[in-house]
Every structure is written in C-alpha cells, then in structure tokens.
Amino acid sequence: MFVHEFLRATQRCGYGLRTGRSASGYLRRALAIDHSNDRTKAFGWNNLALTEGRRGRAEAALQHHRRALAIARRLRSPSAVRTVLLRVGETSLRIGRPAEDDFRQALRLARDARYPMHEALALDGLAHATGELGYWREALAIFTDLGVAQADLVRRHLADPAGRWCDLCPATAPVAVAVAGPVGVR
Ligand SMILES: [Zn+2]
C-alpha cells in the first residue's frame, strides 16, 4: 500500500499541484497513512481525503474518510472520531453531498465530551449544511469565549450569509453529486 500511495502521490505532484508547498503537503499526508501509530494513520487518511475533496475527487475523498473513520472508531478515540466527522462534513459540503448528519454526530460527541472547540466547529458546519443562522450565533458565542480566530469568520458569515466568498457556503457549493453511501452514519 505504501509504495502504491507514494507513487500515486508523486504522479499527482507532477501535474496536479501547482506549488512545491502543496506538493510537499500532499506527500506528507500520503506518508502519514502508513504510519505505525494508528491515530496518525487515521488523521493521514482524513487529511488525504480533504485534499481529494478540494480537488473535486469525491469518490476518493469519501473512501479515504471512511478508512479514517473506521480506524478512529476501532481506536475508540472519541476525539479522533469527532475530528474525522468534522472533516467528513467539510468534504461533503465541498462536493455538494448532504453534510448535516456528519455535523450532528460530531456535535453530539463534542457535547458529550464537553469539548467546546469541536462543538463550535460542528455548529459552524451545521449552519453551512442547513442555512440556519442560529447555528452560527451559537458557534460565535463559543468561539468568542475561546478567543479563537474562527470567531471573525463566523461574524463575517452572519454579516453576509449570502456571500460568495466562502467555498463551503451553499451559494458557492457545486450542485449535489451522486455519491453512494453514508460515511459518518454507523
Ligand atoms: Zn461559509
């Protein structure tokens, strides 16, 4: 698997990615999936999935996210599962696939664990998935409380919810594509 993925990554770097920085980023992500630490491996697949999603490769992205989620669940690591679910939601928004369930699961787990950063990220995702501004208001309260930069981004969304400046917002998302099977649902 390692050699296969490495070659694929190298090939992609040759023609697909524009800058050396993103090429090395891709390689780094590809290498992480063969790491001996399963947590690192799960995040490696998850990040590789994000990269594929950003490049519009929906099937590959969802396949990699499924692997990441399976590893995270096998590890029985709630924080790893939440991290993967949040990213599954992000990819889903990006490729025009329903994302609400992924973010709802992440939100439930974040609240169970009392982990406000993930709670706010899940709320931001839910706002994107449903268009309900109330989720952004909830997210803003938490981000502000935490004193993190994400608060500004949410403020910008609330000030201009129909804006076309965010690549995850419905206004700029691609038309839904037919991709089989849920990722985040057990
Ligand atoms: Zn947005």
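Residues numbered from 1 in each chain as written. Predicted model: local features only at pLDDT ≥ 70, side-chain atom pairs only at ≥ 80, totals over all residues.

1. A look at the overall build of the protein chain
Then step 1. Scanning the protein chain for helices and strands turns up nine helices and zero strands.
Then step 2. Order of helices (α) and strands (β) in the protein chain, N terminus to C terminus: α-α-α-α-α-α-α-α-α.
Then step 3. Excluding contacts between residues fewer than 6 apart, the proportion of contacts in the protein chain whose partners are at least 24 apart in sequence is 48%. (Helix = DSSP H or I, 4+ residues; strand = E, 2+ residues; numbered from the N terminus. Contact = placed C-beta atoms within 7 Å.)

2. Looking at the packing of helix α5 (residues 78–95) against helix α6 (residues 100–113)
Then step 1. It is the contact of α5 with α6, at a shortest axis distance of 8 Å, that shows an interaxial angle of 155°. Judged on the interaxial angle alone, α6 and α5 are roughly antiparallel. Between α5 and α6 the crossing geometry is left-handed. Where α5 abuts α6, its residues Pro78, Val81, Arg82, Leu85, Leu86, Val88, Gly89 and Ser92 lie against Asp102, Phe103, Gln105, Ala106, Leu109, Ala110 and Ala113. (Axes fitted to C-alpha atoms, helices over the stretch in contact; angles between N-to-C directions. Parallel < 35°, antiparallel > 145°, perpendicular 65-115°, else oblique. Left-handed = near helix turned anticlockwise from the far one by under 90°.)

3. Looking at unusual backbone geometry
It is generally the case that most residues other than glycine have a negative phi and that most peptide bonds are trans.
Then step 1. In this structure, Arg76 is a non-glycine residue whose phi angle is positive, near 55°.
Then step 2. Along the polypeptide, Arg76 turns up in the loop between α4 (58–74) and α5.
Then step 3. Of note in the backbone geometry, Arg114 takes a positive phi value of approximately 55° without being a glycine.
Then step 4. Tracing the backbone through its elements, the reader meets Arg114 in the loop between α6 and α7 (116–130).

4. So, the nonpolar core
Then step 1. By size, the foremost hydrophobic cluster in this structure holds 41 residues, and its most contacted members are Val84, Ala122 and Ala139.
Then step 2. Secondary structure elements with two or more residues in this core: α3 (38–54), α4, α5, α6, α7 and α8 (133–146).
Then step 3. The element that contributes the greatest number of residues to this core is α5, accounting for eight residues.
Then step 4. Setting aside residues no more than four positions away along its own chain, Ala122 makes contact with Leu86, Phe103, Ala106, Leu107 and Ala110. (Core = buried A, V, L, I, M, F, W, Y, C linked by C-beta atoms within 7 Å. Buried ≥ 20, exposed ≤ 12 C-beta atoms within 10 Å, placed from the backbone.)

5. Regarding the confidence of the model for the protein chain
Then step 1. Across the protein chain, pLDDT averages 83, with 75% of residues at or above 70.
Then step 2. Residue range residues 1–20 is modelled with pLDDT below 50. Its contacts to residues more than four positions away, or to other chains, number 17 contacts. (pLDDT = per-residue confidence, 0-100.)

6. A word on α6
Then step 1. If you check α6, its first and last C-alpha atoms are 20 Å apart, about what 14 residues at 1.5 Å a residue would give, namely 20 Å.
Then step 2. Residue Arg114 follows α6 closely and has a positive phi angle near 55°. (Expected span 1.5 Å × (residues − 1).)

7. Focus: α5
Think of an α-helix as 3.6 residues a turn; residues three or four steps apart then line up on the same face.
Then step 1. With 18 residues, α5 extends 26 Å between its outermost C-alpha atoms, agreeing within 8% with the 26 Å of an ideal straight helix rising 1.5 Å per residue.
Then step 2. Among the 18 residues in α5, 16 count as buried, and that is most of the element.
Then step 3. The positive-phi residue at the C-terminal boundary of α5 is Gly96, with phi of around 75°.

8. Structural notes on the environment of Asp38
Then step 1. Positionally, Asp38 belongs in helix α3.
Then step 2. You can call Asp38 partly exposed: it has 14 C-beta atoms within 10 Å.
Then step 3. With 30 residues separating them in the primary sequence, Asp38 and Ala68 have C-alpha atoms 9.5 Å apart.
Then step 4. For Asp38, the residues in contact, after removing those within four places along its chain, are Ile71 and Leu75.

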